[in-house]
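# An overview of the molecular structure
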Amino acid sequence: MRIGGILALILGAGMAAAAAPEVSLRPVARAGSDRAPAAQTAPQNPAQETQKKQLGLLRSLRPNARGKTVEATGRKARKLAKKGAVCKDIAIQGDAMGRVPGRLNGCGVADAVRVRSVSGVALSTASVMDCGTAKALKSWVDRGMKPAVGDLGGGVKTIRVAAHYACRTRNNQRGAKISEHGKGRAIDISGFTLVNGTHISVLRDWARGREGRALKKMHGAACGPFGTVLGPNANKFHRDHFHFDTARYRSGSYCR
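Read on for an overview of the structure. Please read these numbers as outputs of a predicted model, since none were measured by experiment.

### Re the overall build of the chain
The secondary structure content of the chain amounts to 6 helices and 10 strands. Long-range pairs, those at least 24 residues apart, make up 53% of the contacts in the chain between residues at least 6 apart in sequence. Accessible area for the chain stands at about 16,800 Å²; split by element, carbon and sulfur atoms hold 54% of it.

### A few points about helix α6 (residues 209-221)
Helical geometry note: an α-helix holds 3.6 residues per turn, so side chains three or four residues apart project in the same direction. Under the 1.5 Å per step criterion, the end-to-end length of α6 is 19 Å for 13 residues, consistent within 8% with the ideal 18 Å. The inward-facing, buried residues of α6 contact α4 (131-149), β6 (186-194), β7 (199-201), α5 (202-205), β8 (228-230) and β9 (242-245).

### A word on the state of the cysteines
Two cysteines, two sulfur atoms, one covalent bond between them: this is a disulfide. Applying the stated criterion across every chain, the model contains 3 disulfides. Two residues, cysteine 87 and cysteine 131, share a disulfide whose sulfurs are 2.1 Å apart. One disulfide, between cysteine 87 and cysteine 131, carries an S-S torsion of -90° and so falls in the left-handed class. A residue pair is termed long-range when its members are at least 10 positions apart, and cysteine 87 in the loop between β1 (85-86) and β2 (89-101) and cysteine 131 in helix α4 qualify at 44 residues. Bridging cysteine 107 to cysteine 167, the disulfide has an S-S length of 2.2 Å. Of note, the bridge from cysteine 107 to cysteine 167 carries an S-S torsion of about 100° and is right-handed in sense. Of this pair, cysteine 107 sits in the loop between β2 and β3 (108-118) while cysteine 167 sits in the loop between β5 (156-163) and β6, and the two are 60 residues apart along the sequence. Accessibility assignment for this pair places cysteine 107 and cysteine 167 in one class, buried. Here the disulfide map of the chain reads 1-3, 2-4, 5-6, the bonded cysteines being numbered as they appear in the sequence.

### A closer look at the packing of aromatic side chains
For any two aromatic rings, the description comes down to two numbers: the centre-to-centre distance and the angle of the planes. In total, this model carries 5 aromatic pairs according to the counting rule given. The interplanar angle of 25° and the centroid separation of 4.9 Å between the aromatic rings of phenylalanine 226 and phenylalanine 244 together place this pair among those described as stacked. Of this pair, phenylalanine 226 sits in the loop between α6 and β8 while phenylalanine 244 sits in strand β9, placing them 18 residues apart in sequence. Judged by its relative accessible area of 0%, phenylalanine 226 is buried. Overall, the relative accessible area of 0% leaves phenylalanine 244 in the buried class.

### What about the pairing of β6?
Counting buried positions along β6 gives 9 out of 9 residues, so the element sits mostly inside the fold. Bridging between β5 and β6 involves 6 bridges; their strand directions are antiparallel. Looking at β6, one finds that valine 156 is bridged to leucine 194. In the sheet, β6 pairs with β7 via 3 bridges, with the strands oriented antiparallel. Opposite phenylalanine 192, over in β7, you have isoleucine 200 as the bridge partner. Hairpin connection, β6 to β7: the antiparallel pair is bridged by 4 residues, and glycine 197 has positive phi, about 95°.

### What about the side chain of histidine 238?
Along the chain, histidine 238 falls in the loop between β8 and β9. Taking the relative accessible area as the measure of exposure, histidine 238 reaches 5% and is therefore buried. Residues within four places of histidine 238 in sequence aside, it is in contact with Asn171, Leu230, Gly231, Pro232 and His243.

### Section: the pattern of salt bridges
Going through the model one piece at a time under the given rule, you end up with 8 salt bridges. We note a salt bridge from glutamate 180 to lysine 183, for which the minimum N-O separation is 3.5 Å. A residue is classified by how much of its surface remains accessible, and glutamate 180, at 8% relative accessible area, is buried. Of the charged contacts, one joins aspartate 205 and arginine 204 as a salt bridge, the two residues approaching to 3.0 Å between their closest N and O atoms.

Thresholds, definitions, all that
- Residues numbered from 1 in each chain as written.
- Predicted model: local features only at pLDDT ≥ 70, side-chain atom pairs only at ≥ 80, totals over all residues.
- Heavy atoms only, no water.
- Helix = DSSP H or I, 4+ residues; strand = E, 2+ residues; numbered from the N terminus.
- Contact = heavy atoms within 4.5 Å.
- Areas by Shrake-Rupley, 256 points an atom, 1.4 Å probe, with all protein chains shown as cover.
- Expected span 1.5 Å × (residues − 1).
- Disulfide = S-S within 2.5 Å.
- Buried < 20%, exposed > 50% of the residue type's maximum accessible area, 1.4 Å probe, protein only.
- Phe/Tyr/Trp six-rings, centres within 6.5 Å; stacked < 30°, edge-to-face > 60°.
- Pairing = 2+ DSSP bridges.
- Salt bridge = Lys/Arg side-chain N within 4 Å of Asp/Glu carboxyl O.

This is the structure in structure tokens:
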């Protein structure tokens, strides 16, 4: 073919391409839609996409400087408290004892704890009981004792314990049933020491002024958390202390 013919063919193909309508690679909007088609972006590497998402998640979960300080303080407090926590409650501090056997038939505690303090209030004597009784004591301290005393003397510092676990009969009477004390379900409280050093005595202050009103309120508040609540008006055996135990009765709590 001659050179002139080749040039003619090339020029003709160029003119045909120029005359052909322009073909768009953009997606065509659906009929009835007034939205402009979204711009297309080049597809990204799936591995890069996953890495970006993970990095974004980590950044969103990362605490700020203040959050780190609060979190570290909370961790430290929990760690220190858990060192002495019993009954799975950091507010109940003491020691796990396991099974405590009794010398009399019916005595003993299957899974005993020795409680030293409850909700920041110390017990004058580390007291042996089961976890049900320890939790009832905590409920009473928080909802009964503390509100009853209020700001009197700066609040309660120490609960004065008269008795806790002891393998004996009720009121130490010969032939009587085993006391709830002998099952690790009871605690006797004779009074309280306040932050300012003042002592409140069940025997001395039951019918006396503000202290007496506080004692009566906390005595009444124990009826519910505990199954048996006895005080100075119950009988001659309880003139000088409160008796709280977690025995349960069909008719409900027994409170006197």
